[in-house]
Every structure is written in C-alpha cells, then in structure tokens.
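The chain contents come next:
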Amino acid sequence: MDFLGFELLAGAVSTVLRPDVLAVVLLGVLAGLLFGAAPGLTATAGVAIATPLTFGASFELAMALLLGLYCAGYFAGSIPAILINTPGAPGNAATALSGYRLAQAGRADVALSLAIVCSVIGGVLSLLVLMVAAPWLAGFALEFTAVEYCVLGLFGLMCVAAVSGGALTKGIVAAAFGMTLGTVGIDEVGGIPRFMLGMPELQAGVALIPALIGFFAVGEMLSQTAERSGGDAAAVPRQAKFPLTHLPGLLGRNLGLLLRSAGLGTAIGVLPGTGPTIASWIAYGGIGEKGDRDVRGVIASESANNAVTGGALVPLLTLGIPGDTVTAVLIGALLIQGIEPGPFFIVEHSHLFAQILMILLVSAVMILVLGLVARRALWLVLLCPPRILLPVVGVLSATGTFAISHAPFEVGLAAVLGLIGFCLGRFGFPAAPIVIGLVLGPIIEVNLRNALVANDMDFSVFVTRPISAALLAALLALLAWRAWRVFGNRIAR
C-alpha cells in the first residue's frame, strides 16, 4: 500500500474526534508534559508506566494515551532546558545551550515560543513523511550496517565545534573525556570489564541520565552558588513579552534551517537505535559556532528532536524494529492489542495506521495550543530567588535520577559528575562536548569494531559502501569548509 485513501482517513478522523478519544489524548499530552519537564522522568519512562494501563482498552484509546504522551514528552524536556539549564531529557540537552542563554538575556518567551512551534512543525513534517514514504524509508534503513552507523557517529562529533564556545581545543579535550567515560563498564564486543574501579554498579557503563543531570543541572547549581555571595543575588533580566504575530517572520527568516533540521530528525529517527539525542546534536552542530547566541539553536535542536517521533515509527510499523527507546516500549503496547508490527501491518491494518496518523496530528495541535497558552506563566520560574530555586532543582535532579533505576548509586554518580563538570568549567572546559562524547563514543567504538570484524579488518569498507562513502565525503567537505573559514579569516586579517 503506497498511500492512504480518502475513506480510510475520513474514518480515522471520525474515530479520533470522538469525545472519549480526545479526552484520552489530552490526558496523554498532559502526562507527557509532566514526564518531559521533570528532569530524569523521560517520555520513555512515561510510556512504560502507562502501557500496562492499556490492558482491556480499545486500540484507539490505548494509542491516544501512549502517543499523546510520546509526542508531548519529547517536547516538554525543552521547558526546564530553557528556564533552568536542566534538560528534561537527553534529546533536549542541545536546546539548553542556546535556550538558557536566551532566557538569561530576557528572551525566555521567545525561546519557549520557538521551542513549542518548532517542535510541532518537526512532528507534523515527520508525520507527513511517515504517511507518504514509510515503506521506502524503512527499506533504506535496512541498508545501514555497522559501517554506516560508525560514520554517522563520526559525523555527529562535528557538532563539538559548534558547542565549544570558541575554545575548540578545550572542546575537543572535553569530548575525548566524554568518550573515555563511554568506555566504562563491560565491553560490548569482547565482554571485558573496563575502568570500573571495583564498582559492580558500573557494569552497564556511565548511564546517560545521571551524566546529563550531573553535568548540566548539578554543575549549574554549583556554578551559580560559587558566583553568588547571597541567596537573593544576581537578579534575572526582565523577560520581554514576545508577540505571537512576530513568529511567522522569525520562522520565515530561518525556514531553511527549520526544514533541514526536521528532515534530518526524521531521517535519523528512521534508523533503528539512534533517537532524538543524536538528531538534536547533529542538527545543532550544523548552525555554526555562534548558534548558542541566537534563536537558531532552539529552532534546529527542537525541530530535529521532535521530528524523530514520526521517523522512529517507520521501522516499528513496517519492520517491527523499534526506532528508539519509546517505540521499543510501544511494541509491547501493540502486542497487548493483539497486533504484531511488521511488514504486513500497514497492508492488513491500514485503518489502524490511519488512526495512528490522526492521533499524532491531534497530539501536535494540543501541544501547540497548551504550550502557547501557558508559555508566559512558565518563565515566571526565573523570578524565583536562587535560595529557593537551586534547592528545588537539586531535589528534582536527585528524584529524577533515582526514578530511572531506583539506585542510590546513580544519585551519587550524578553528584560526582556534577562536581567534575563544575571543576572543568572553572578552567574553561565546556560541559556539552562531554555529553556528546559520552553519547557518540560507544556508538563509534562498537560499530567500528563490529564493522572491522565483519570485513576481515579491512578499513576500505568505509569507502567502498555507497552510503558510508557519501557520509564520509560530506564529513570531509564540512571539515574543509570550517577550516577555510578559520584560516581564511586569519589570512584576511
């Protein structure tokens, strides 16, 4: 089936617009906003908790709850990222870099408005791709092997240049430190324990959520505490109200970036095992070194982050392979409904596929309305005195970390990593490249080793496979362009 007929779409619209289905979608969106905005409580955790509640529910009600939570959870992590420099989820870490600076400059309303609208646009564009090109994109994703995933990880490291704040050397060192952290634990290829310091809790490696909360939230708390002698110091700049009538012009001036980032997020979402974190970092890395000083960082990272939602459903619904962690949980939800996702799902259950599309669209509309209505109340958190705000952030960080695995060790790990990040920050080493290295390091290492083992240690496989060669060519072109900009400016001076 290459397209959906009018009758199928009309039937799906009539089903999804039922009052009970709309109410459940709204419930899912509100739950997603809660889970996404609370540091550590990701959309994955929310969908996992909600899935058992769908026993006995109809397909449309079950998907209304879970998909509403899925979409809202991906967006809501941008709220604390912008307001308190604490990403609600790993996929929103890139948003914190530019969004928090905008908030500190009195432009929180601008950042939140853009995050809301770009998230919705990214989600809707990925939905259109899911509707039109799902079978073809799923076939393309099957062409990716360990070779392509390794090169994709290298491509992602390019964004280190964009998040290093002008200190590229220190950014590279920080990224190398993050990649070193990524080697802690049991080696996935050889099964050998590495750098565990006698702690069995590190067998699975340094978990991303404690690292994220440690380097961003705890590190920020320590930095603000060190810079202030009193609890009421450092007043937040007055937040200017942003008229929504200015949004079309602002988005129009960045339309190319918005569409490019949304397309990138959709394409990365199609690749199983990638997800929003990689998508948002790669999109952020494409805006240049000064992207953390203007709205482009929010536009790029949030549109790419939320475009993953539709893209990740492509391999789930056409191949039965999860595109990210949330869609892995959704497999269980579909099985509860007696539906096995795979190559025959769209053909045999086209009406259910149409319902999924309509639920995703309604979820996007609800996020847009709720977000824009409530956005001006959200940034009032910045007016909270530091003596109150910082302890609240600390409690949220601790509970969010503990909620993931119920392990006190990870709370201590977040504290230790936060202290390390604070110390590195005092010497000018940025935290963002550390997180990038931690995310991409294991992807590069594992896929590099698997690719070489599968090809008799022949490195030429990276240039003989068409997709890998194209990615490498694009990577070299970007490196040459950046080098030309740097050295060309120096020669011009």
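Small disclaimer: the values here were computed from a predicted structure and weren't measured.

Draft legend 1. Inspection of a nonpolar patch on the surface at higher detail. Side chains of Leu361, Val365, Val369 and Val373 sit close together on the surface and give an oily, nonpolar patch of about 340 Å² of accessible area. Mapping Leu361 onto the fold places it in helix H17 (residues 350-378). On the basis of relative accessible area, Leu361 is assigned to the partly exposed category, the value being 33%.

Draft legend 2. Representation of the nonpolar core in the model. Counting 138 residues, the largest nonpolar core has Met63, Tyr70, Leu114, Leu313, Ile356 and Phe462 as the members making the most contacts within it. No other element matches the 14 residues that helix H4 (residues 59-76) contributes to this core. Setting aside its immediate chain neighbours within four residues, Met63 contacts Gly68, Ala333, Leu334, Ile356 and Ile359.

Draft legend 3. View of the confidence of the model for the protein. The predicted model of the protein has a mean per-residue pLDDT of 80, with 84% of residues at 70 or higher. For the stretch residues 229-235, pLDDT sits under 50, and the model shows nine contacts to residues farther than four places along the chain or on other chains.

Draft legend 4. Quick peek at the side chain of Asn305. Its location among the elements puts Asn305 in helix H14 (residues 296-319). Within polar-contact distance, the side chain of Asn305 engages the backbone oxygen of Tyr74 at 2.9 Å.

Draft legend 5. The arrangement of the pattern of salt bridges in detail. For the structure on display, the rule yields six salt bridges. Of the charged contacts in the structure, one is a salt bridge between Glu445 and Arg194, with a shortest N-O distance of 2.7 Å. Linking Glu445 in helix H20 (residues 432-454) with Arg194 in strand E2 (residues 193-194), this pair joins segments that are 251 residues apart in sequence. The two residues Glu445 and Arg194 agree in class, both being buried. Arg449 is paired through a salt bridge with Glu445; the nearest N and O atoms lie 3.2 Å apart. Placement of both Arg449 and Glu445 in helix H20 is noted, with a separation of four residues, approximately one turn of the helix. Judged by its relative accessible area of 27%, Arg449 is partly exposed. If you follow the salt bridges from partner to partner, you end up with Asp187, Arg194, Glu445 and Arg449 in one network.

Draft legend 6. Highlighting the packing of helix H1 (residues 6-16) against H17. At a minimum axis separation of 8 Å, H1 and H17 run at an interaxial angle of 55°. Taken together, the axes of H1 and H17 are oblique relative to one another. Here H1 runs over H17; the crossing is right-handed. When H1 is examined against H17, the residues Leu8, Leu9, Ala12, Val13, Thr15 and Val16 are found in contact with a partner set consisting of Ser350, His351, Ala354, Gln355, Met358, Ile359 and Val362.

Draft legend 7. Molecular detail of the packing of aromatic side chains. In the structure shown here, the tally under the stated rule is two aromatic pairs. Their ring planes at 80° and their centres at 5.1 Å tell us that Tyr70 and Tyr74 sit as a pair that is edge-to-face. Of this pair, Tyr70 and Tyr74 are both found in helix H4, four residues apart, which corresponds to roughly one turn of the helix. Measuring from ring centre to ring centre gives 6.5 Å for Trp281 and Tyr284, while their planes differ by 75°; the resulting arrangement is edge-to-face.

About the thresholds
Residues numbered from 1 in each chain as written. Predicted model: local features only at pLDDT ≥ 70, side-chain atom pairs only at ≥ 80, totals over all residues. Heavy atoms only, no water. Patch = residues over 30% accessible without salt bridge, like charges linked within 9 Å, V, L, I, M, F, W, Y side chains within 5 Å. Areas by Shrake-Rupley, 256 points an atom, 1.4 Å probe, with all protein chains shown as cover. Salt bridge = Lys/Arg side-chain N within 4 Å of Asp/Glu carboxyl O. Helix = DSSP H or I, 4+ residues; strand = E, 2+ residues; numbered from the N terminus. Buried < 20%, exposed > 50% of the residue type's maximum accessible area, 1.4 Å probe, protein only. Core = buried A, V, L, I, M, F, W, Y, C linked by side-chain atoms within 4.5 Å. Contact = heavy atoms within 4.5 Å. pLDDT = per-residue confidence, 0-100. Polar contact = N/O pair within 3.5 Å; in protein donor to acceptor, adjacent residues only side chain to side chain. Axes fitted to C-alpha atoms, helices over the stretch in contact; angles between N-to-C directions. Parallel < 35°, antiparallel > 145°, perpendicular 65-115°, else oblique. Left-handed = near helix turned anticlockwise from the far one by under 90°. Phe/Tyr/Trp six-rings, centres within 6.5 Å; stacked < 30°, edge-to-face > 60°.

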